[in-house]
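What follows is the residue order along each chain.
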Amino acid sequence: MVSRIIPVEPFDLVIFGGTGDLARRKILPGLYRRFCAGQMPDDARVIGAARGDLSDDDFRDMVGAAIEEFVPKDRRDAKTIKEFISRLHFVTVDAKGTDGWDALAKLVRKDVVQAFYFSVGPSLFGDLATRLHKHKIANAEARLVVEKPFGRDLETAKALNAVLASSFDEGQIYRIDHYLGKETVQNLMAVRFANVLFEPLWNAQYIDHVQITVAETVSVDGRGAYYDKSGAMRDMVQNHLMQLLCLTAMEPPSRFDPDAVRDEKLKVIRALDAVPVENIVRGQYGPGDDVEGYVEHSENPDTKTESFIAMKVDISNWRWKGTPFYLRTGKRLKARMSEIVITFKETPHSIFGEDAGSHANVLTIRLQPDEGMDLRVTIKEPGPGGMRLVDVPLDMTFADALGPEAEDVPDAYERLIMDVIRGNQTLFMRGDEVEAAWAWTDPIIAGWTERGDRPQSYEPGSFGPEDALMLLHRDGRRWREIRK
């Protein structure tokens, strides 16, 4: 199988916050890998913009060091790195002042694709958008890439959308969620809509329940001040898990078109039921052996912020009524794991008798690590002694199935940045979608805030609070184990 690289037009990509952590770890190394893949035309340029007083050469040295640090050794080449960084430029810009904007206006070309990446805090989004418009730097087709968080509630999300809309059209705004750039997430759509095997069964009649898990082993150390204002609900559920839920539950769009896909995702969000308090479990990791607890990472010794949340969510539409979606995410858990698990119902009648046990097909879509998917099917256990049934996986791990080509699969940021240059908004969130997600999220947060609920403590390296296990046990179900 030969991968097909789709070329892009000449472009100027301006990265505000070009010296920051996200730019160094993800954006610039990702652009280098796309350069190696032949996806950057000869006259494409990357312009770093930040408050620091750097020359072009200083910026190039910084990016060269980032590539050395964050790109595997076998994917680096000194000559190619030199060619790539020769495309880089730097402008010192004050996001809230006047310094640097005239210099940026002279540098950015008007006759190529323009993309402006806001790799900065949300408080600067409005200032940057306003100044790009005021100084006539962005043309009518310019693309604006906005990192999350997109507000911290419905009110602030509406205000952010309004300030961006005052300078740019909705079709120019790319709200980026890197989870949607993962190869397996997009394969979820391919599995559903390109295989007649699954779509007729993709409903409450045949699916017992769905689990969506995003587990992390890291703590919030170094991010305690931010996380105390966010928590797992705002940081993960309202965006990452919501997007995974929408892609799993949405109706088939009429075509693979940005607005057609996003229209169907929006319908899912609007069909979400309010979540009763008994269907929510919040947790906060405590201290462990030589490990600090969440409180030690927070600036508030009486913090009630959750580092873990599990929820049972219902969707009131014809396709999903009666099939629960269980969501969970947390810090300091047993392993780093992100996956979607679709458990189908058991056969309506087993011809093999009680000794055969209960069996159900399970489709697992692994987002990280070891991207891939497996489908558990029931077969006869080999050997004599009667009809004994066992469940075995039909496994497709990308690294095994695609061989060396799996190493060339772009990571999420690479793919999404190239989609921005191409003007493809399919994998980016629309303004009304963001607002609908907050409209569902806000009452949940307001409920536990008004009640003064305190998260349950759980041990670092565990599966989370015990009550999260009971959330499924009381329904006669079990979470899929978080595995190392």
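For the structure, check the block above.
Quick caveat: nothing in here was measured; it's all calculated off a predicted structure.

Explain the packing of helix α6 (residues 154-165) against helix α14 (residues 431-451) to me, please; I cannot follow it from the model alone.
One can describe the packing of α6 onto α14 by two numbers: an axis separation of 9 Å at closest approach and a directional angle of 165°. The orientation of α6 relative to α14 falls into the category roughly antiparallel. The two elements α6 and α14 meet at a crossing, and its hand is left-handed. Facing α6, whose interface residues are Leu-154, Ala-157, Lys-158 and Asn-161, α14 presents Gly-431, Val-434, Glu-435, Trp-438, Ala-439 and Asp-442. Taken together, the residues that form the contact of α6 with α14 break down as five nonpolar, two polar and three charged.

What's the story with the sheet that holds strand β6 (residues 173-176) in this structure? I'm lost.
Strands pair in a sheet through their backbones, by hydrogen bonds, and they do so in one of two ways: parallel or antiparallel. Strand order in the open sheet made by the six strands is β3-β2-β1-β4-β5-β6, with parallel pairing throughout. The strands lining the two open edges of the sheet, one partner per strand, are β3 (88-92) and β6. In this sheet, adjacent strand axes meet at a mean angle of 20° when their direction is disregarded. Both strand β4 (residues 113-118) and strand β5 (residues 143-147) contribute to a ladder of four bridges, which runs parallel. Counted as the bridge partner of Tyr-117 is Val-145 from β5. Along the sheet, helix α5 (residues 125-134) contacts β1 (11-16), β4 and β5; its crossing angle with β4, the most-contacted strand, is approximately 155°.

Here is what the cut-offs are and how they apply
- Per-chain numbering applies: the sequence of each chain, read as written, is numbered from 1 onward.
- Only residues with pLDDT of 70 or above have their local features reported here, since the model is predicted, and side-chain atom pairs are shown and tallied only from 80 upward, although totals for entire chains, interfaces and linings are computed over all residues.
- The side-chain values count all of the structure's non-hydrogen atoms but skip hydrogen atoms and water molecules.
- Axis angles are defined between N-to-C directions and span 0 to 180 degrees, where every axis is a line fitted to C-alpha atoms and, for a helix, only to the segment in contact.
- Secondary structure elements are defined from DSSP: runs of H or I of at least 4 residues count as helices, runs of E of at least 2 residues count as strands, and each element is numbered from the N terminus.
- Reported orientations rely on four angle classes, namely roughly parallel under 35 degrees, roughly antiparallel over 145, roughly perpendicular from 65 to 115, and oblique for the rest.
- Rotating anticlockwise by less than a right angle from the far helix to the near helix defines a left-handed crossing, while the corresponding clockwise rotation defines a right-handed one.
- Contact definition: two residues touch when any of their heavy atoms are within 4.5 Å.
- Residues are grouped as follows: nonpolar covers Ala, Val, Leu, Ile, Met, Phe, Trp, Tyr, Cys and Pro; charged covers Asp, Glu, Lys and Arg; every other residue, Gly included, is treated as polar.
- Two strands are counted as paired when DSSP detects at least two bridges linking them.

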